[in-house]
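Tertiary structure, described
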Amino acid sequence: MIKVLFAPLQGYTDAIYRRLHNKHFGGINKYYAPYLRFEPNKDPKNSVINDLLPDNNKKIDLIPQLLGKDLGLFIKHTKKLQEQGYTSVNWNLACPYPMVYKRGFGSGLLKSPEIINELLSEIIPNIEIPLSIKCRLGFDSKNEINELINIFNNHELQEIIIHARTAKQMYKGSASPKYFNSVLSKSKNKLIYNGDINNIADYDKLSEILGHKPNKIMIGRGLLQNPFLANELNGIQYEAEHKLKTLREFHDDILYHYNEKLEKSHILKKMQTFWEYFSYNFENQPKVYKKIKKAVNMQKYEEKVLEIFG
Ligand SMILES: Cc1cc2nc3c(=O)[nH]c(=O)nc-3n(C[C@H](O)[C@H](O)[C@H](O)COP(=O)(O)O)c2cc1C
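Every value quoted in this text rests on a predicted model; they were computed, and no experiment measured them.

Okay, the pattern of salt bridges next. If you walk through the whole model with that rule in mind, you get 16 salt bridges. A salt bridge links Glu-39 to Lys-42, with the nearest nitrogen and oxygen atoms 3.7 Å apart. Judged by its relative accessible area of 52%, Lys-42 falls in the exposed class. When the shortest N-O distance is used, the salt bridge between Glu-159 and Lys-216 registers 2.8 Å. Here Glu-159 is found in the loop between α6 (144–152) and β6 (160–166), whereas its partner Lys-216 is found in strand β8 (residues 216–219), with 57 residues between them in sequence. The exposure class assigned to Glu-159 is buried, which follows from its relative accessible area of 5%. Among the residues examined, Lys-216 registers a relative accessible area of 14% and is labelled buried. Linked by salt bridges that have partners in common, Arg-37, Glu-39, Lys-42 and Arg-103 make up one network.

What follows is the structure, encoded as structure tokens:
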């Protein structure tokens, strides 16, 4: 059995998406929430706080993610999440966007392993639930992962998820499982691979490079493109007809719940974002996505959806 972790994808895997993905497809070991960003004198966004409320995440195993480097706030937010019932938190050392890394958050911290070391020494004894980390291979160079693993080895972490790119790469180029593999035996903490697993062939290729079939991996965009992927990796096969029906029900449920939650003027944009990856479930993806993008109002949108599902 391969345990599949659903990666955090800000703007895509919100509470509605997670809950409905679990309802219609299942197969996910744990969902990771997009980050809650904290810094002194600036409260986290209400939308992010609400997204993490247990009432909005029923029936799924959810790990909240924190982004920031203020020790007191880290401890405070972890405590709050623990009070809400969460049993672990994840620290984001991966976000590559300039507005994040330039402030020394996310992947910005990868440039200062000694600060990560100090923070971990302070955080871990002061929180009561396990901490995991999500990071990249490095900021500028993939070799940085060696020093990072040495630092992480000083601490007891629940697991370390490595998106096998550098921060500088953003999402460009391909992920490098080879570099992930090079530190596998050096890490005292469990390492989990993440990056570019979009189908079974990608998983098989990864297994070949690692020399074994990893029993736990994190997948993001591959699951947005094919919400059945976790089950398919575990050998479950679906008839095309069943797939189409389930995708339709999922889509309609998503639309219904965004209609309930969002202001009317925001729904079209939100559904167009959803189709950026959902369109991969149909033949001629670029054409399908273009159709959706061209819809100027919800009536046109519904017409296009009807046309696509046939
Ligand atoms: C639109 C978008 C939003 C993301 N948001 C987050 C986030 O909030 N926290 C995080 O740790 N990673 C975030 N990521 C990175 C993904 O979790 C994942 O590491 C990355 O997409 C590589 O995995 P994949 O190839 O399976 O998608 C985001 C990625 C994308 C494309």
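Compared with the 20 Å implied by 1.5 Å per residue over 14 residues, the 20 Å span of helix α5 (residues 113–126) between its first and last C-alpha is a close match. Those residues of α5 that fall on the buried side of the exposure criterion are Pro-113, Ile-116, Leu-119, Leu-120 and Ile-123. Of the surrounding secondary structure, the elements contacted by the buried residues of α5 are α3 (71–83), β4 (89–93), β5 (131–138) and α6.

Attention shifts here to the nonpolar core. Within the largest apolar cluster, 88 residues are counted, with the highest numbers of intra-cluster contacts made by Trp-91, Ile-116, Phe-152 and Trp-275. A total of 7 residues in this core trace back to one element, the largest contributor, which is helix α12 (residues 264–278). Three or more residues apiece are contributed to this core by two domains, here domain 1 (3–233) and domain 2 (240–309). What Trp-275 contacts, discounting residues up to four positions off in sequence, is His-251, Phe-282, Val-288, Tyr-289, Ile-292, Tyr-301, Val-305, Ile-308 and Phe-309. With 7 residues, the next largest nonpolar core counts Ala-7, Tyr-32, Ile-63 and Met-218 among its residues.

Looking now at the environment of Leu-52. Locating Leu-52 in the fold gives a position in the loop between α2 (46–51) and β3 (62–67). Residue Leu-52 is classed as buried on the basis of its relative accessible area of 3%. Leu-52 sits 102 residues away from Asn-154 along the chain, and the two C-alpha atoms are 30 Å apart. The residues contacting Leu-52, other than those within four sequence positions of it, are Ala-33, Leu-36, Asn-57, Leu-62, Pro-64, Leu-81, Gln-84 and Tyr-86.

Calculation rules
Residues numbered from 1 in each chain as written. Predicted model: local features only at pLDDT ≥ 70, side-chain atom pairs only at ≥ 80, totals over all residues. Heavy atoms only, no water. Salt bridge = Lys/Arg side-chain N within 4 Å of Asp/Glu carboxyl O. Buried < 20%, exposed > 50% of the residue type's maximum accessible area, 1.4 Å probe, protein only. Helix = DSSP H or I, 4+ residues; strand = E, 2+ residues; numbered from the N terminus. Expected span 1.5 Å × (residues − 1). Contact = heavy atoms within 4.5 Å. Core = buried A, V, L, I, M, F, W, Y, C linked by side-chain atoms within 4.5 Å. Domains from an automatic or database assignment.

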